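Notes for the structure review
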Amino acid sequence: MSTEPGGPEAVPTSRAVRSGIRFDHVSVRYGDLTVLDALDLTVEPGEVLALLGPSGSGKTTALRAVAGFVRPSGGRVLIGGQDVTDLPPHRRGIGMVVQQYALFPHLRVDQNVAFGLKAQRSPRAGIPGRVAEALEMTGMAGYARRYPRELSGGQQQRVAIARALAIRPGVLLLDEPLSALDAQLRSGMLAELARLHRELPDVSILYVTHDQIEALTLADRIAVMDKARLQDCGTPQDLYRRPRTEFTASFVGSAN
Ligand code: ADP
């Protein structure tokens, strides 16, 4: 295998690597406020796991702890079996997409997608190929030289997804990626994400949402959060048929 950018200790980012995520008793506190309470949870390699719960339940905090933007007060985060709790975000082999796209307005689409590769100090010669591949995967190949303001919201979000995929992450973190889109675009993008998941069988996806339909449609398993705690976790069918708590039953809608 060729040497990956970022030095010998960097998390490998080749598509062939099956990463997986493990929260090992992860807590996050701000002063007296416990925002994440001893979360134990595993996202298997190649799995889509939805973190589902109401606003303020700690979902984004959990995702940001994997990304490296939030430091746990206790516990460990592992990616691909490696403890990454002390690694900076760009060394974790993750791609991340948030609700508000966060594209650089003064950069073209291709430059936006290349940005993460440059930040990772990816070999220059390989960058155009990686950018083209990522734009192809998200159906944005024809828009490389446009600026974000020339694109619709849905197209901007595709570019944000392309930027995340360009680094060939082992782990993809999606934080309410469809919330800013109107209902019609949302269902189209949901189908697109399902297709991407099929095309990337080794990439683990952590998908934060408050939307039951998104979770039920896309996720292999759903982890239900409320009040900083994991309430339940299982396949959509499990949760629907055998909710472990009343909260799950009321939140996912239940057969009981
Ligand atoms: P969710 O994604 O489920 O909406 P969050 O993880 O964003 O929930 O937030 C959980 C709780 O943590 C909220 O009550 C929020 O106000 C609080 N919180 C998040 N970040 C901070 C911070 N940096 N400082 C203080 N409180 C925070």
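As recorded in an unreviewed UniProt entry, the chain goes by ABC transporter ATP-binding protein and comes from Streptomyces fildesensis.

Turning to the sheet that holds strand β6 (residues 94-98), a few remarks are in order. Strand order in this open sheet of six strands is β6-β7-β8-β3-β9-β10, and the pairing throughout is mixed. Here the strands that pair on one side only, and so sit at the sheet edges, are β6 and β10 (229-234). Averaged over all pairs of adjacent strands, the angle between strand axes in this sheet comes to 15 degrees, irrespective of strand direction. Against the sheet, helix α1 (residues 59-67) touches β3 (48-52), β6, β7 (171-175), β8 (204-209) and β9 (221-226), its axis set at about 150 degrees to β7.

Further remarks concern the UniProt feature "domain: ABC transporter" (unreviewed entry) in the chain. With numbering aligned to this structure, UniProt lists the feature "domain: ABC transporter" (unreviewed entry) at residues 21-252. Taken end to end, residues 21-252 is 35% helix and 27% strand, and its first and last C-alpha atoms sit 24 Å apart.

Before going further, it helps to examine the site of the ligand. Taken together, Tyr30, Leu33, Val35, Gly53, Ser55, Gly56, Ser57, Gly58, Lys59, Thr60 and Thr61 make up the full set of residues adjacent to the ligand. For the shell around the ligand, the elements supplying multiple residues, two or more each, are β2 (33-43) and α1. Among the elements that make up the shell around the ligand, the one with the highest residue count is α1 (three residues). Here the residues of the shell around the ligand are counted per class, giving three nonpolar, seven polar and one charged.

Before going further, it helps to examine the sheet that holds strand β4 (residues 74-79). Reading across from one edge, β2-β1-β4-β5 is the order of the four strands in this open sheet, with antiparallel pairing throughout. Each edge of the sheet is formed by a strand with only one pairing partner; in this case those strands are β2 and β5 (82-83). Judged from the seven bridges that link them, strand β1 (residues 21-30) and β2 form a sheet pairing that is antiparallel. In the strand pairing of β2, Val26 is matched with Leu39. Its contacts with the sheet put α1 on β1, β2 and β4, and the angle it makes with β1 is roughly 115 degrees.

Once that is clear, we can look at the nonpolar core. Judged by nonpolar contacts, the single largest core of 65 residues is most densely connected at Ala50, Val66, Leu173, Leu206 and Tyr207. Broken down by element, this core gets its largest block of residues, seven residues, from helix α4 (residues 153-166).

This part covers helix α2 (residues 109-119). All of the buried residues along α2 are Val109, Asp110, Asn112, Val113, Ala114, Gly116 and Leu117. Here the buried face of α2 lies against α3 (127-137) and α4. Just past α2, the residue Arg121 takes up positive phi, approximately 60 degrees.

When you tally the buried positions in β3, you get five out of five residues, the bulk of the element. The alternating pattern of β3 places Val48, Ala50 and Leu52 on one face and Leu49 and Leu51 on the opposite face, and all of these are buried. When β3 meets β8, the two strands line up parallel, connected through five bridges. Bridge pairing links Leu51 to Val208 in β8. Across four bridges, β3 lies against β9 in parallel orientation. Bridge assignment links Leu49 to a residue of β9, and that residue is Arg221.

Moving on: α4. Side chains that are three or four residues apart share a direction in an α-helix, a result of its 3.6 residues per turn. Taking 1.5 Å of rise per residue, 14 residues should cover 20 Å, and α4 covers 20 Å from first to last C-alpha, within 8% of that figure. Burial runs high along α4: 11 of the 14 residues are buried. Among all positions of α4, only Gln156, Gln157, Arg158, Val159, Ala160, Ile161, Ala162, Arg163, Ala164, Leu165 and Ala166 are buried. Buried residues along α4 sit against β6, α2, α3, β7 and α5 (183-199). Positive phi shows up at Arg168, right after α4, with a value of about 50 degrees.

Pairs of packed helices are described in terms of their axes, by the angle between the two and the distance that separates them. Running from N to C, α2 and α4 point in directions that differ by 35 degrees, and their axes come no closer than 8 Å. Taken as a pair, α2 and α4 cross one another with a handedness that is right-handed. Residues Val109, Asn112, Val113, Phe115, Gly116 and Leu117 of α2 pack against Val159, Ala162, Arg163 and Ala166 of α4. Its residues assigned to classes, the contact of α2 with α4 comprises seven nonpolar, two polar and one charged.

The rules behind each value
Residues numbered from 1 in each chain as written. Predicted model: local features only at pLDDT ≥ 70, side-chain atom pairs only at ≥ 80, totals over all residues. Pairing = 2+ DSSP bridges. Helix = DSSP H or I, 4+ residues; strand = E, 2+ residues; numbered from the N terminus. Axes fitted to C-alpha atoms, helices over the stretch in contact; angles between N-to-C directions. Contact = placed C-beta atoms within 7 Å. UniProt positions renumbered as here; feature names shortened; annotations may be inferred. Near = placed C-beta within 6 Å. Nonpolar A, V, L, I, M, F, W, Y, C, P; charged D, E, K, R; others polar. Core = buried A, V, L, I, M, F, W, Y, C linked by C-beta atoms within 7 Å. Buried ≥ 20, exposed ≤ 12 C-beta atoms within 10 Å, placed from the backbone. Expected span 1.5 Å × (residues − 1). Left-handed = near helix turned anticlockwise from the far one by under 90°.

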